[in-house]
Amino acid sequence: MDEEGPDCGKADFVLLDQVTMEDFMENLKLRFEKGRIYTYIGEVLVSVNPYQELPLYGPEAIAKYQGRELYERPPHLYAVANAAYRAMKRRSRDTCIVISGESGAGKTEASKHIMQYIAAVTNPSQRAEVERVKDVLLKSTCVLEAFGNARTNRNNNSSRFGKYMDINFDFKGDPVGGHIHSYLLEKVGPAAWGPGAGRTFWEVPGSEGAPSAPGLPHPLCPHHPGGSGRGPLRGARAQLPFSPQSRVLKQHVGERNFHAFYQVLRGCEDSQLEDLHLQRNPALYSFTRQGAGLNPLDSDERSHHQAVMEAMRVIGFSPEEVDSVRRILAAILHLGNIEFVEMEEGGLEQGHVAVAEEVLVDHVAELTATPRESVMRCLLSRTVASGGRELIEKGHTAAEASYARDACAKAVYQRLFEWVVNRINCVMEPRGRDPRRDGKDTVIGVLDIYGFEVFPVNSFEQFCINYCNEKLQQLFIQLILKQEQEEYEREGIAWQSVDYFNNATIVDLVERPHRGVLAMLDEACSAAGTITDRIFLQSLDTHHRHHAHYTSRQLCPTDKTMEFGRDFRIKHYAGDVTYSVEGFIDKNRDHLFQDFKRLLYNSSDPTLRAMWPDGQQDITEVTKRPLTAGTLFKNSMVALVENLASKEPFYVRCIKPNEDKVAAKLDEGHCRHQVEYLGLLENVRVRRAGFASRQPYPRFLLRYKMTCEYTWPNHLLGSDRAAASALLEQHGLQGDVAFGHTKLFIRSPQTLVTLEQSRARLIPIIVLLLQKAWRGTLARWRCRRLRAVYTIMRWFRKHKVRAYLAELHRRFQAARQPPLYGRDLVWPTPPAVLQPFQDTCRLLFCRWRARQLVKNIPPSDMAQIKAKVAAMGILQELRQDWGCRRAWARDYLSSATDNPTASGLFAQRLNALREKDGFGTVLFSSHVRKVNRFNKRQDRALLLTDRHLYKLDPGRQYRVMRTVPLALVTGLSVTSGRDQLVVLHARGQDDLVVCLHRSQPPLDNRVGELVGVLAAHCQGEGCALEVRVSDCIPLSQRGARRLVSVEPKPEQPEPDFRCSRGAYTLLWPSR
Ligand SMILES: Nc1ncnc2c1ncn2[C@@H]1O[C@H](COP(=O)(O)OP(=O)(O)OP(=O)(O)O)[C@@H](O)[C@H]1O
Ligand SMILES: [Mg+2]
């Protein structure tokens, strides 16, 4: 009860300071206002209908209650369901849950929650057969509600039948089957046949024409609309003042027929309705007209219909059976619209009765799969056996025909309902169970049955219902008191007798053989014809005039609340109820023409036929008088009570908070009345009379040990009993308790309250203590986890570094091997922390490798290497080919291979120039083709020394045409192709446009060499050289700007320039 603060009232009425109606109501109201709809009386659960969805149900709540004891959690249906389930599982005992309360108090909802709980906590291993049973159990409710529930003024979904469901469990506690018993659909059986209607089907042949009961107005008497004796009379619907109207035929204002009718009308497809000859509007049918305007939304009805269809499918109704059910419902609706016309004259025999709309008879015949003529005959006449084996067909009057029609409609529905229940039972029958192999099944029974009923006028139905409640109360008293007594004996506690009202005498008044009210009623029925309701009342008066719980106006003439000759009163345990005897005899009978039974038995629809096995009898057969409705009911009650008595009971007492079906309104007067008649105060008193509470010692200590220093946190005494005694002594409460063998009995609730209060005072401190310890534990766990994480991280990092270094070492083992010196080695990916380290290593490695490579180069090659390195730095990736793979000879004009004819001449010129200009080395020399600013193209030679750039004329012994000091050369431009175009730029000089040529081999690629040697020289001198790579080179000559580009020309024998509109084009013989 952890979530139950003191502001929510007492979770158990036993804990009330005083057991008075005021205190009880105050607690009930307080709890209701706080949304606590459940309260215990010991182990009995009191439930108030909240009329609103409360967040109390569902898987989470179920988990909260699963496997817990009743007292551990706030009061709840789940706790009761769990207690019943655990009791059954632990002790292998059958248990039952009895749910009672008035209409609309929430019994059916409670039973559904109980079923859901049981379904949720069973079959953890998901066995298919168990799942099937669970499905059927859960779905059966939906189907039964469709056929057995209706909207009434008290409840929009009122169960018009009592239901007791047994659920069978195997030794593991999983449901393996079940059985449903239904009691008294619509609280009264099939209608009685109207008086004066001739012999009933069970009458012995020969006793033809039982006279009408004198006490009842005859249908044909002058003040009856059907009895005027003049016709034709349309729509002679029998309206006897006391005729037992069934819900199938007629409903009170504001009520509806059974849901099934509206679901068929609103939920079926158009084509289905057409097959059934129905139209969608319920107002068109006599039986559904009254409730037509009260329907929920069409869409709701449709979805309910679908849900019922789905449920029937899951349960195992075949499609043919479902069709039959639909046809039977339709047939009942059509039957209701049949009216009879009584013909006075006009060629027809006087009194002859005809059906007003014969097409309806066609429909009924088609839907029930019976011959049309037979249907017509059954509606308009009856077969009577008159002496011997002779059969006479006797025509009905219009009123009789209407009675017959109504009786038939009611009976067909009744049989349909019973068939549905039986069908579900067949499916739920535990299959293939062998007690020797599987062990005995245990059972939980759930009883959802009507509570006490008191109306302004109470009739036979209320009498039966109230008798049922007397029986259940009797059981309740017996079991509760018996259990108490047994417990005291078991525990060795002296038993104190408790003063309570035992209603056995009232039960006896009703059910005693021969003299009980039911027995006398049967007697009156068997003597039908001579005995009237009034005479029946007189005989009751005679026999029970001294009974303390029986009275009538005859016996108490001054009591004007009863009518003379009509009313009698029974002082029920729940209060006085005055019954009107009118109609008792009729209602007690169970009549229907044998003709109808035979008709329906002979239907070619197997489903319908199966509902009427008794139609098999021959009309002339002498049958035993069937049991009356009262006796049948009594027998079923006796069987029910016997069944319940053999089980361990759990009680749910439902209370309806108001008559308006609205949330958050508790009408005190209304509830007080229910508390009275449910005997709840008495229940509390009985519970408290002996001992208000009893608890096993360990459980007691667990709850209160914190209130005593000897028991907190754990006691060191010899036994739990000694510890409990020490605890009570410390509180000074030892005088108010008794010590049983295993349980402590606390006499007054005050003691329990004292203990609860001192516990409540300590709980916050304990909570703090627990919180402190728990928070500390949590923090320690977190800290330890964090440390572990850091250690793991540290070790992991170390591992990564080591692994990297090892891998590096492994890979670079081969780095010393010439000639590549590790050129192809791939560096492993370093951990992020080692990235800078690897960068540095790479740099070092490159330097080391360069050193290894350079070390072996002869000094004579160094100048060439340097020039190549310089050229690579400039041209790599900018020019396609820069002649890197060739040996660079530089001075090609002095070479005998390159310049075979004039190398000698050139050598002379070179010597002269060396003498004149004093240069040190020749950087580069080559023949070139040049173009000048006058567009003149000529062959020239280019000589580059470490001092000057010379342009020479090869045609005139290499005479110097132009000298430019090297210091003035600022840069050169080349193209990205393979051509040998070079533009030399010098400060203050015209740009020199040349193409290297006449090389050996021809078109040898020497531009890279020229760039390289010049760049290397400039690097050495420390001066700047700008090299541009472009396919369209701009140049300047005497201030004029021009462009030079290259045009590949395969047929061109030698490179040459072309000039046009201020631009030069080198025509390059590309091959
Ligand atoms: N626990 C609950 N939570 C929410 N609503 C509820 C609860 N119990 C009952 N109700 C509401 O009250 C209505 C009536 O309940 P229910 O049909 O169970 O009454 P009943 O006791 O079975 O009545 P009857 O004897 O007429 O069959 C339900 O349709 C539902 O609207
Ligand atoms: Mg119900």
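Look a little higher up for the structure.
Note that this is a predicted model, so its numbers are computed, not measured. (Residues numbered from 1 in each chain as written. Chains lettered and ligands numbered in written order. Predicted model: local features only at pLDDT ≥ 70, side-chain atom pairs only at ≥ 80, totals over all residues. Heavy atoms only, no water.)

Comments concerning the site of ligand 1
Link 1 in the chain: Residues in contact with ligand 1 amount to 17 residues; listed here are only the nearest, Ser-103, Lys-107, Thr-108, Ser-158 and Ser-159.
Link 2 in the chain: Ala-105 places a polar main-chain atom, nitrogen or oxygen, 3.2 Å from an oxygen atom of ligand 1.
Link 3 in the chain: Here Lys-107 contributes a side-chain N or O atom positioned 2.7 Å from an oxygen atom of ligand 1.
Link 4 in the chain: When isolated, ligand 1 has an accessible area of 630 Å², and the protein chains bury 87% of it. (Near = heavy atom within 4 Å. Polar contact = N/O pair within 3.5 Å; in protein donor to acceptor, adjacent residues only side chain to side chain. Areas by Shrake-Rupley, 256 points an atom, 1.4 Å probe, with all protein chains shown as cover.)

Remarks on the pattern of salt bridges
Link 1 in the chain: Within the structure shown, the criterion is met by 56 salt bridges.
Link 2 in the chain: Its salt-bridge partner being Lys-665, residue Asp-660 comes within 2.3 Å of it at the nearest N-O pair.
Link 3 in the chain: Note on Asp-660: relative accessible area 44%, which makes it partly exposed.
Link 4 in the chain: With relative accessibility at 34%, the residue Lys-665 sits in the partly exposed group.
Link 5 in the chain: A salt bridge links Asp-824 to Arg-823; its shortest N-O distance comes to 3.6 Å.
Link 6 in the chain: What makes Asp-824 exposed here is its relative accessible area of 54%.
Link 7 in the chain: Within the structure, one salt-bridge network assembled from shared partners comprises Arg-886, Asp-898, Asp-1004, Arg-1006 and Glu-1009. (Salt bridge = Lys/Arg side-chain N within 4 Å of Asp/Glu carboxyl O. Buried < 20%, exposed > 50% of the residue type's maximum accessible area, 1.4 Å probe, protein only.)

Focus: the sheet that holds strand S6 (residues 162-169)
Link 1 in the chain: Spatially, S1-S2-S16-S3-S12-S6-S7 is the arrangement adopted by the 7 strands of the open sheet, whose pairing is mixed. Each having just a single partner strand, strand S1 (38-41) and strand S7 (175-183) make up the two edges of the open sheet. Ignoring strand direction, the axes of neighbouring strands in this sheet form an average angle of 15°.
Link 2 in the chain: Relative to strand S12 (residues 442-450), S6 is paired through 7 bridges, and the arrangement is antiparallel. Directly across from Asp-166, in S12, lies its bridge partner Gly-445.
Link 3 in the chain: Those strands touched by helix H5 (residues 128-148) are S6 and S7, and its axis lies near 20° from that of S7.
Link 4 in the chain: Along the sheet face, helix H12 (residues 398-428) touches S6 and S7 and points at about 165° away from the line of S7. (Pairing = 2+ DSSP bridges. Helix = DSSP H or I, 4+ residues; strand = E, 2+ residues; numbered from the N terminus. Axes fitted to C-alpha atoms, helices over the stretch in contact; angles between N-to-C directions. Contact = heavy atoms within 4.5 Å.)

Looking at the pairing of strand S2 (residues 44-48)
Link 1 in the chain: S2 sits mainly inside the fold: 5 of its 5 residues count as buried.
Link 2 in the chain: Taking every second residue as pointing to the same face, both faces of S2 are buried, with Val-44, Val-46 and Val-48 on one and Leu-45 and Ser-47 on the other.
Link 3 in the chain: Examined bridge by bridge, S1 and S2 share 4 bridges and lie antiparallel to one another. The partner of Tyr-40 across the bridge, within S2, is Leu-45.
Link 4 in the chain: The antiparallel pairing of S1 with S2 creates a hairpin that spans 2 residues between the two strands, and Gly-42 there sits at a positive phi of about 60°.
Link 5 in the chain: As judged from the 4 bridges shared by S2 and strand S16 (residues 648-655), these two strands associate in the parallel manner. Across the sheet, the residue bridging to Ser-47 is Cys-654, located in S16.

Describing helix H21 (residues 629-645)
Link 1 in the chain: An ideal rise of 1.5 Å per residue puts 24 Å on 17 residues; H21 measures up with 24 Å between its terminal C-alpha atoms.
Link 2 in the chain: Taken as a whole, H21 has its buried residues at Ala-629, Gly-630, Thr-631, Phe-633, Met-637, Leu-640, Val-641, Asn-643 and Leu-644. (Expected span 1.5 Å × (residues − 1).)

As for the coordination of the magnesium ion (ligand 2)
Link 1 in the chain: Looking at the magnesium ion (ligand 2), one finds its protein donor set to be Thr-108 (OG1) and Ser-159 (OG), positioned 1.9 to 2.0 Å from the metal centre. With Thr-108 in helix H4 (residues 107-121) and Ser-159 in strand S5 (residues 158-159), the pair connects residues that are 51 residues apart, well separated along the chain.
Link 2 in the chain: Look at Thr-108 and you get buried, because its relative accessible area is 13%.
Link 3 in the chain: The exposure class of Ser-159 is buried, given its relative accessible area of 16%. (Donors = N, O, S within 2.8 Å, 3.2 Å for Na, K, Ca; no water.)

Details of unusual backbone geometry
Outside of glycine, negative phi angles account for most residues, and trans bonds account for most peptide bonds.
Link 1 in the chain: Cis geometry marks the peptide bond from Pro-818 to Pro-819, where omega comes out at 5°.
Link 2 in the chain: Turning to its location among the elements, Pro-819 is positioned in the loop between helix H26 (749-811) and helix H27 (835-855).
Link 3 in the chain: Along the chain, Gln-1000 connects to Pro-1001 via a cis peptide bond; the corresponding omega equals -10°.
Link 4 in the chain: Take Pro-1001: it is sitting in the loop between strand S26 (992-997) and helix H30 (1007-1021).
Link 5 in the chain: Even without being a glycine, Ala-369 presents a positive backbone phi close to 55°.
Link 6 in the chain: Here Ala-369 shows up in the loop between helix H10 (358-368) and helix H11 (372-380).
Link 7 in the chain: With a phi close to 70°, Glu-877 is a non-glycine residue in the positive phi region.
Link 8 in the chain: Glu-877 gets classed as exposed once you look at its relative accessible area, which sits at 77%.

Brief notes about the sheet that holds strand S13 (residues 550-552)
Whenever strands of a sheet pair, they do so through backbone hydrogen bonds, lying parallel or antiparallel.
Link 1 in the chain: The 3 strands are arranged S13-S14-S15 in an open sheet whose pairing can be described as antiparallel. Because the sheet does not close on itself, it has two edges, and the strands there are S13 and strand S15 (575-580). For this sheet the average axis-to-axis angle between neighbouring strands, irrespective of direction, equals 25°.
Link 2 in the chain: Sheet topology places strand S14 (residues 567-572) next to S15; 6 bridges connect them, and they run antiparallel. Counterpart to Asp-567 in the pairing with S15 is Ser-580.
Link 3 in the chain: Set on the sheet, helix H17 (residues 533-544) makes contact with S13 and S14; between it and S13 the angle comes to about 130°.

Quick notes on the nonpolar core
Link 1 in the chain: Formed by 183 residues in total, the largest nonpolar core has its most connected members in Phe-147, Tyr-413, Leu-416, Ile-424, Phe-536 and Phe-568.
Link 2 in the chain: For this core, the element with the highest residue contribution is H12, accounting for 16 residues.
Link 3 in the chain: Beyond its immediate chain neighbours, meaning those up to four positions away, Ile-424 contacts Val-136, Ser-140, Val-143, Leu-144, Ile-180, Ile-315 and Phe-317.
Link 4 in the chain: Among the nonpolar cores identified, the runner-up in size contains 29 residues, and Ala-871, Leu-923, Leu-992 and Leu-1010 belong to it. (Core = buried A, V, L, I, M, F, W, Y, C linked by side-chain atoms within 4.5 Å.)

Quick notes on the packing of aromatic side chains
Link 1 in the chain: The full count for this structure, using the stated rule, is 31 aromatic pairs.
Link 2 in the chain: Between Tyr-57 and Tyr-78, the aromatic rings sit 6.1 Å apart at their centres with planes inclined by 80°, giving edge-to-face as the arrangement. Taken together, the residues span a long stretch of sequence, with Tyr-57 in the loop between S2 and helix H2 (59-65) and Tyr-78 in helix H3 (residues 77-91) at a distance of 21 residues.
Link 3 in the chain: Taking the relative accessible area as the measure of exposure, Tyr-57 reaches 26% and is therefore partly exposed.
Link 4 in the chain: Classification of Tyr-78 as buried rests on a relative accessible area of 1%.
Link 5 in the chain: Centre to centre, the rings of Phe-700 and Tyr-704 are 5.1 Å apart; their planes meet at 55°, and the pair counts as tilted. Here Phe-700 pairs with Tyr-704, and both are found in helix H24 (residues 697-704), just 4 residues apart, close to one helical turn. (Phe/Tyr/Trp six-rings, centres within 6.5 Å; stacked < 30°, edge-to-face > 60°.)

Things to note about the state of the cysteines
Link 1 in the chain: Within the structure shown, the criterion is met by 0 disulfides.
Link 2 in the chain: Between Cys-378, a cysteine without a disulfide, and Cys-408, which holds the nearest cysteine sulfur, the sulfur-to-sulfur distance is 7.9 Å.
Link 3 in the chain: Relative accessible area serves as the criterion here: at 9%, Cys-378 is assigned to the buried category.
Link 4 in the chain: Among the cysteines around Cys-841, which has no disulfide bond, Cys-846 carries the closest sulfur, lying 11 Å off. (Disulfide = S-S within 2.5 Å.)

Observations regarding the packing of H10 against H11
Link 1 in the chain: At a closest axis distance of 9 Å, the pairing of H10 and H11 adopts a crossing angle of 115°. Seen from above, H10 lies across H11 with right-handed handedness. Residue-level inspection shows Glu-358, Val-361, Asp-362, Val-364 and Ala-365 of H10 in contact with H11, the latter providing Arg-372, Val-375, Met-376 and Leu-379.
Link 2 in the chain: Counted by class, the contact of H10 with H11 contains 6 nonpolar, no polar and 3 charged residues. (Left-handed = near helix turned anticlockwise from the far one by under 90°. Nonpolar A, V, L, I, M, F, W, Y, C, P; charged D, E, K, R; others polar.)

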